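One-letter residues, chain by chain:
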Amino acid sequence: MRTLHDLRDEMLAVARGTRPVPPVQSVTNGEAVSGLPGVLTSASKALTQLVTAEIPETISHLTKITERTKINETKT
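The notes below deal with the structure included here. Just so we're clear, the structure is a prediction, and the values are computed from it rather than from any experiment.

Side note on the pattern of salt bridges
Summed over the entire model, instances satisfying the criterion amount to two salt bridges. Notably, a salt bridge pairs arginine 8 with aspartate 9, separated by 2.7 Å at the nearest N-O pair. Take arginine 8: its relative accessible area is 45%, and that puts it in the partly exposed class. Note that arginine 19 is salt-bridged to glutamate 10, the shortest N-O span being 3.6 Å.

Laid out in structure tokens, this is it:
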């Protein structure tokens, strides 16, 4: 079973473009969701890349650098 740390590393690698998006796999018997990076939207991937590059210290800082009023809304 994969750890949450492993999943985080995989998601960051996909967001950086250093690893291909793995195929989406179904979850059975309580296994970890190894295909989660495959279901991220392009906006979510871009946000992950930004967070990785900028390492904002607060959500307020993140909303400033993304020019969003709320972090869960996309820029219009």
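Remarks on the packing of helix 2 (residues 42–54) against helix 3 (residues 59–66)
Helix 3 packs onto helix 2 with a crossing angle of 115° between their chain directions and a minimal axis gap of 11 Å. Considering how the two elements wind past one another, helix 2 and helix 3 form a crossing that is right-handed. Contacts between helix 2 and helix 3 involve Leu47, Leu50, Val51 and Glu54 from the first element and Leu62, Ile65 and Thr66 from the second. By residue class, the composition of the contact of helix 2 with helix 3 is five nonpolar, one polar and one charged.

Conventions adopted
- Residues numbered from 1 in each chain as written.
- Predicted model: local features only at pLDDT ≥ 70, side-chain atom pairs only at ≥ 80, totals over all residues.
- Heavy atoms only, no water.
- Salt bridge = Lys/Arg side-chain N within 4 Å of Asp/Glu carboxyl O.
- Buried < 20%, exposed > 50% of the residue type's maximum accessible area, 1.4 Å probe, protein only.
- Axes fitted to C-alpha atoms, helices over the stretch in contact; angles between N-to-C directions.
- Helix = DSSP H or I, 4+ residues; strand = E, 2+ residues; numbered from the N terminus.
- Left-handed = near helix turned anticlockwise from the far one by under 90°.
- Contact = heavy atoms within 4.5 Å.
- Nonpolar A, V, L, I, M, F, W, Y, C, P; charged D, E, K, R; others polar.

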